[in-house]
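# Secondary and tertiary structure notes
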Amino acid sequence: MSSTKTPKAGKSTSKDARHDIEKKLDLLLVDLKKDLGDTKFKNRIKKAAKLLSKGVEKAKKKAVSAKKKTKPAKAVKTKKATAAPATATAE
């Protein structure tokens, strides 16, 4: 039996986002990895992923709190239309 923990569907943590970003940057910046070396590259990727993933959770919370309850608009009073007196014409 293997006991592996998998994140629940629908819940995305900043840690998961950070790991996804690290993987994507690692694949994209292969040339830089050769120039810097393995350890320096990994450290810089971790720092970059951490900075990029900071805004992920805040953006979700901010979007939820941005919705404000709107007050119902006040009813505009209208003047009653007065009927013009009808003039009777007698013929």
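For the structure itself, consult the block above.
Residues numbered from 1 in each chain as written. Predicted model: local features only at pLDDT ≥ 70, side-chain atom pairs only at ≥ 80, totals over all residues. Heavy atoms only, no water.

### Some details on the overall build of the chain
The helix and strand tally for the chain stands at three helices and zero strands. Starting at the N terminus and walking to the C terminus, you meet the elements of the chain as α-α-α. Counting over 91 residues, the chain shows a buried share of 9%. By element, 58% of the accessible surface of the chain is carried by carbon and sulfur atoms, the whole surface being about 9,400 Å². (Helix = DSSP H or I, 4+ residues; strand = E, 2+ residues; numbered from the N terminus. Buried < 20%, exposed > 50% of the residue type's maximum accessible area, 1.4 Å probe, protein only. Areas by Shrake-Rupley, 256 points an atom, 1.4 Å probe, with all protein chains shown as cover.)

### Considerations on the side chain of Ser-53
Along the chain, the position of Ser-53 falls in helix α3 (residues 38-65). Not counting residues within four places of it along the chain, the set of residues in contact with Ser-53 comprises Ser-14, Ala-17, Arg-18 and Ile-21. (Contact = heavy atoms within 4.5 Å.)

### Quick notes on the pattern of salt bridges
The full count for this structure, using the stated rule, is three salt bridges. Ionic pairing is found between Lys-33 and Asp-26, a salt bridge with its closest N-O pair at 3.6 Å. By relative accessible area, Asp-26 is classed as partly exposed at 31%. For Asp-38, the salt bridge is made with Lys-42, and the minimal N-O distance between the two is 3.8 Å. In this pair, Asp-38 and Lys-42 are both assigned in helix α3, four residues apart and thus about one turn of the helix distant. Looking at Asp-38, the relative accessible area reads 39%, which means it is partly exposed. Residues participating in the shared-partner salt-bridge network are Asp-26, Lys-33, Asp-38 and Lys-42. (Salt bridge = Lys/Arg side-chain N within 4 Å of Asp/Glu carboxyl O.)

### Examining the nonpolar core
Judged by nonpolar contacts, Ile-21, Leu-25, Phe-41, Ile-45 and Ala-49 together constitute the single largest core of five residues. With three residues, the top contributor of residues to this core is α3. Residues within four places of Leu-25 in sequence aside, it is in contact with Phe-41, Ile-45 and Ala-48. (Core = buried A, V, L, I, M, F, W, Y, C linked by side-chain atoms within 4.5 Å.)

### Brief notes about the side chain of Glu-22
Within the element layout of this structure, Glu-22 appears in helix α1 (residues 14-28). Buried within the structure, Glu-22 lacks any salt-bridge partner; its nearest side chain of opposite charge belongs to Arg-18, at an N-O separation of 4.3 Å. Setting aside anything within four residues of it in sequence, one finds Glu-22 in contact with Ile-45, Lys-46 and Ala-49. (Lys, Arg positive; Asp, Glu negative; His and termini not counted.)

### Overview of the environment of Ile-21
Mapped onto the elements of the fold, Ile-21 is located in helix α1. Between the C-alpha atoms of Ile-21 and Ile-45, which are 24 residues apart in sequence, the distance is 8.7 Å. In this view, Ile-21 contacts Ala-49, Leu-52 and Ser-53; residues no more than four positions away in its chain are not counted.

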